[in-house]
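Residue strings, one per chain:
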Amino acid sequence: MGNDRNTFSIKFDKVCEVLDKHECSPNKLIAILQEIQEEYKYLPEDIMTYIATALGISPGVVFGVATFYSHFALEPKGKYVIKVCDGTACHVRKSKDILQTLEKELGLSGKKKTSDDMLFTLETVACLGACGLAPVVVVNDEVHGSMTKEKTIELISRIREQERQEMNK
Amino acid sequence: MYMKTQTAVIDNFTIQIEDEKNLLELIRKANIELPTFCYHSEISVYGACRMCMVEIEGRGIVPACSTKPEGGMVVHTNTAQIRKMRKMIIELMLASHDQSCTTCPKSGDCKLQNIAKQLGVDKIRFKQMKTHQELDLSSDAIIRDPGKCILCGDCVRVCNEIQSVGALDFAYRGAEAKVVTPFNKGIGEVECVNCGQCVKVCPVGALMPKYHINDVWEAIHDKSKTVVAQIAPAVRVSLGEYFGYKPGTTTTGQIIAALRRMGFDKVYDTSFSADLTVIEEGREFLDRYSKNENLPLFTSCCPAWVKYAEQYYPDLLSNLSTCRSPQQMFGAVCKEQLVKDLKISREDLVVVSIMPCTAKKFEARRDEFKTNGNPDVDYVITTKELSIMIKESGIEFGKLELSSFDMPFGFTTGAGVIFGASGGVSEAVLRFAAYSLQKGFVGEFRQFRTGDRTKVSEIEIGDKKLRLAVVSGLANAKKVIDKIRKGEEHYDLVEVMACCDGCINGGGQPVSNASNAVADRAKGLYDNDKMLQFHVSSENPYIKQLYNETLVDDKAHRLLHTTYENRRRILQDDIIINEVPENKKLEITICFGTSCFLRGAQTLYTQLMEYLSERELLGKTEFTASFCGKQCKKGPVISINGKNIEHCTLEMAVAEIEAVLRLKM
Ligand code: SF4
Ligand code: SF4
Ligand code: FES
């Protein structure tokens, strides 16, 4: 084990790599942020400041861009990112109920989007393009269609159980 | 080439088109005060507020600020449709504005309030969307009240384009869009240099100077305190504007009289200590020049510029004059001498500065300017705040009998007065240099009195040929410095003022609609210079006395000079890159601040990581990245188990690591 690089240093190396690849060009800011988010799953403040330093721009610009696109996350996300579709079709089929069920089940609210155990992050999205399956819930790219309150609770319990087993291994 | 003069018709009035940049300027030339929020002639056109909409026959409704004037245009600014639109915009703005107008410090000169009144807005048909939000009180100079912001973006562009700081920017989108500081930190925790230029353009009360009016009243009311005032040069030619005088009118006598009536025990002149600054800085300059050391000398009287240099040009800090600003020289000398003369304790002497500037508020709180925790300058109030205090006292400013400064710190030469205009410091220092080198020669150096914001001149004094640059506006300063760094330009002295045209246009000054207000204030200062008995600082008899009696031994050095520190742009913690729970053998910190970054810190980091990995040391090494080790001139800087290595190369780092390991074996 002695020589394992811990994940943080590997990630930081990746930041350096990304910056080099884009030659520290301010015009490539979005691409840089995108690639860094892939590594960290979100954009940490200190890394954004570092990027600003490297690109010779103000941290305010980096922050402005990072907050403009909802794609960028400024806070770490949970292991499972749950997206509830609130497009027209899903909305009509009561996606709100499913959202509320999830919020209650995970102890979340409008502002609080990630559960304390860092297992779940809850997001709403506008139309996932799977209207035939409405209402739709997506967990880390896995689509679950025709959801009901009951099925939602079941889904969460299943993930939790799976996590418990992994922990005990 | 023959050019036909072109004209346009604006509201039935024919007007000649000259070089107006846009239709808005042409309309204003026709004496129509079209309301606007997001237009300022000195920054880029944003075109977001839509207040400047006008109708051009045949083209329909367009924003005047972003439309080019063309010959033959027939423009209407007041059609029924436009009037309706304007009212609606105001109603929409008010609906997303924290309407606590009665208690808002901006009330009275708030653009939103005034335009609403001008347009006769009497009801708001939309639902109130924004209510009170928490104030950002983190800065000593500026207060942000985000609930009042109408998103015109003026502050963003000023901070970015004029000051090249970028402490404010838009973030989020759509209905959530906001003007924020990086990472929503307090404005006192980010790279803001406190210049207050954003305060001056903000049409509403979203950005305000931090008022210290109540602290000053409290000191005045406290009978155990002796309260003295110092008045900066720029204040005397601008305060009158709050009482109906034209910009540039000197009201020194009335200001002193008002301060006495309000209860100040003594009233002194910051120009006195500006004379001191000239002498100290002049000597420093001549000394560096003869040794050819640390040139160019950068002036240090502007605290916004000083903070900017500390953040962005740490490698140039040894070029900054070590002289304190006139405000701080005054505070130090005043507390040193008056405490003895009046036989009171330092704590019972309260020094209040009246300044055209918000950054002076920050400067007065710097640790360098405290003795046992007691500041040399206790409170700084702006020109604006003084006007409020005078009005609050009910004093009829225009009817005051004139009064004059107290001695000895009230005697000034003309050189100390022109400090308030960009170029004034250089002229004053040149007068001193010429006087010293050419035995009593008294001359003017008018080269720097033009309104340009980057002025370069070569001047011969005796056998010396000096090359000077005078810049105002930090973005202009940045351009000059970048050229110096690249070796494209050489100067002996560079004067920098953060505010365009100098202190007369400071962040605490009145906001004037008159286009030549700032130039008139400058003229006011040069007229003051003419009226005074002496024009060279070293002729000031009270200064001579001060040097003979008070500034003896090391006191001149101790009271009049200071040091600078490299500053992080943003207050934030270090990044721990590699954490080791136990058994750690190596602790490495690498600086990733701007300066070290430019000097190759990142490459060094990558190489070191490779080395540590090859040597199988990663499991025993704690690696931290810091954002400024404060030794920027010597970068890249690495610390290995507490030992700092400057100008570090891979070889040097490896040698140190191996040495540490050998010791630990
Ligand atoms: S005070 Fe100056 S530096 Fe600070 S935010 Fe305003 S314009 Fe920018
Ligand atoms: S803070 Fe003031 S100047 Fe800045 S965007 Fe808001 S209203 Fe405009
Ligand atoms: S002044 Fe023209 S859009 Fe704001």
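Residues numbered from 1 in each chain as written. Chains lettered and ligands numbered in written order. Predicted model: local features only at pLDDT ≥ 70, side-chain atom pairs only at ≥ 80, totals over all residues. Heavy atoms only, no water.

*Asks:* Would you take a moment to explain helix H4 (residues 154-162) of chain B for this structure?
*Replies:* Spacing of three or four residues puts side chains on the same side of an α-helix, whose turn is 3.6 residues. Residues and elements named next belong to chain B. Counting buried positions along H4 gives seven out of nine residues, so the element sits mostly inside the fold. In the core, the buried residues of H4 are packed alongside strand S7 (169-171), strand S8 (178-180), helix H5 (197-201), strand S9 (207-209) and helix H16 (474-485). Taken from the residues just after H4, Ser-164 is the one with a positive phi, measuring 45°. (Buried < 20%, exposed > 50% of the residue type's maximum accessible area, 1.4 Å probe, protein only. Helix = DSSP H or I, 4+ residues; strand = E, 2+ residues; numbered from the N terminus. Contact = heavy atoms within 4.5 Å.)

*Asks:* Is there a simple way to explain helix H3 (residues 45-55) of chain A in this structure?
*Replies:* Residues and elements named next belong to chain A. Most of H3 is tucked away: ten of the eleven residues are buried. Turning to H3, its buried residues are Asp-46, Ile-47, Met-48, Thr-49, Tyr-50, Ile-51, Ala-52, Thr-53, Ala-54 and Leu-55. Looking at the residues trailing H3, positive phi occurs at Gly-56, about 70°.

*Asks:* Looking at this structure, how should I read the packing of helix H6 (residues 95-106) of chain A against helix H7 (residues 149-168) of chain A?
*Replies:* A pair of packed helices can be characterised by two numbers: the angle between their axes and the separation between those axes. Residue and element names in this part refer to chain A. Here H6 crosses H7 at 35°, and the two axes come no closer than 9 Å. For the crossing formed where H6 meets H7, the hand is right-handed. Note on element contacts: H7 touches H6 through Lys-149, Thr-152, Ile-153, Ile-156 and Arg-160, opposite Asp-97, Ile-98, Thr-101, Leu-102, Glu-105 and Leu-106. Of the residues assigned to the contact of H6 with H7, the class counts are five nonpolar, two polar and four charged. (Axes fitted to C-alpha atoms, helices over the stretch in contact; angles between N-to-C directions. Left-handed = near helix turned anticlockwise from the far one by under 90°. Nonpolar A, V, L, I, M, F, W, Y, C, P; charged D, E, K, R; others polar.)

*Asks:* Please explain empty space enclosed by the protein as it appears in this structure.
*Replies:* Empty space among the atoms can be located by rolling a probe the size of a water molecule over them. Residue and element names in this part refer to chain B. Enumeration over the complete set of coordinates arrives at six cavities of 30 Å³ or more. Its boundaries defined by the atoms lining it, the largest cavity holds a volume of some 300 Å³. Cys-301, Pro-356, Lys-360, Met-497 and Cys-503 are, among the 26 residues lining the largest cavity, the residues nearest its centre. A per-class count over the lining of the largest cavity returns 20 nonpolar, five polar and one charged. (1 Å grid on protein atoms, 1.4 Å probe; cavity = no way out; pocket = protein on both sides within 12 Å on 5 of 7 lines; lining within 4 Å. Points joined across faces, edges and corners; volume = space filled by probe spheres on them.)

*Asks:* Quick question: what am I supposed to make of the domain arrangement of chain A here?
*Replies:* How big an interface is tends to be reported as the loss of accessible area on association of its parts. Its domain assignment divides chain A into domain 1 (2-68) and domain 2 (80-167). Once you take the C-alpha centre of each, domain 1 of chain A and domain 2 of chain A turn out to be 30 Å apart. (Domains from an automatic or database assignment.)

*Asks:* Mind showing me how you'd approach the pattern of salt bridges here?
*Replies:* Side-chain pairs of opposite charge can arise whenever the charged atoms involved come near each other. Per the stated rule, a full pass over the model turns up 50 salt bridges over all chains. One salt bridge in this structure joins Lys21(A) and Glu35(A), with 2.8 Å as the shortest N-O distance. Taken together, the positions of Lys21(A) in helix H1 (residues 7-21) and Glu35(A) in helix H2 (residues 29-40) put the pair 14 residues apart, joining distant regions of the chain. By relative accessible area, which is 18% here, Glu35(A) ends up buried. Glu458(B) is the salt-bridge partner of Arg467(B), the closest N and O atoms lying 3.1 Å from each other. Shared partners join several salt bridges into a network, and the residues in it are Glu427(B), Arg431(B), Glu444(B), Arg446(B), Arg449(B) and Asp529(B). (Salt bridge = Lys/Arg side-chain N within 4 Å of Asp/Glu carboxyl O.)

*Asks:* I'm lost on the sheet that holds strand S3 (residues 53-56) of chain B in this one. Help?
*Replies:* The strands making up a sheet associate through backbone hydrogen bonding, with each pair oriented either parallel or antiparallel. Residue and element names in this part refer to chain B. In space, the five strands of this open sheet follow the order S2-S1-S5-S3-S4, with mixed pairing throughout. The strands lining the two open edges of the sheet, one partner per strand, are strand S2 (13-17) and strand S4 (60-63). Ignoring which end each strand starts from, the neighbouring axes of this sheet average 35° apart. Summarising the sheet, S3 and S4 pair through four bridges and their orientation is antiparallel. (Pairing = 2+ DSSP bridges.)

*Asks:* Looking at this model, I keep getting lost on the site of ligand 1. Mind explaining?
*Replies:* Ile142(B), Cys159(B), Leu168(B), Ile187(B), Cys192(B), Val193(B), Asn194(B), Cys195(B), Gly196(B) and Cys198(B) make up every residue found near ligand 1. For the shell around ligand 1, the per-class residue count stands at eight nonpolar, two polar and no charged. (Near = heavy atom within 4 Å.)

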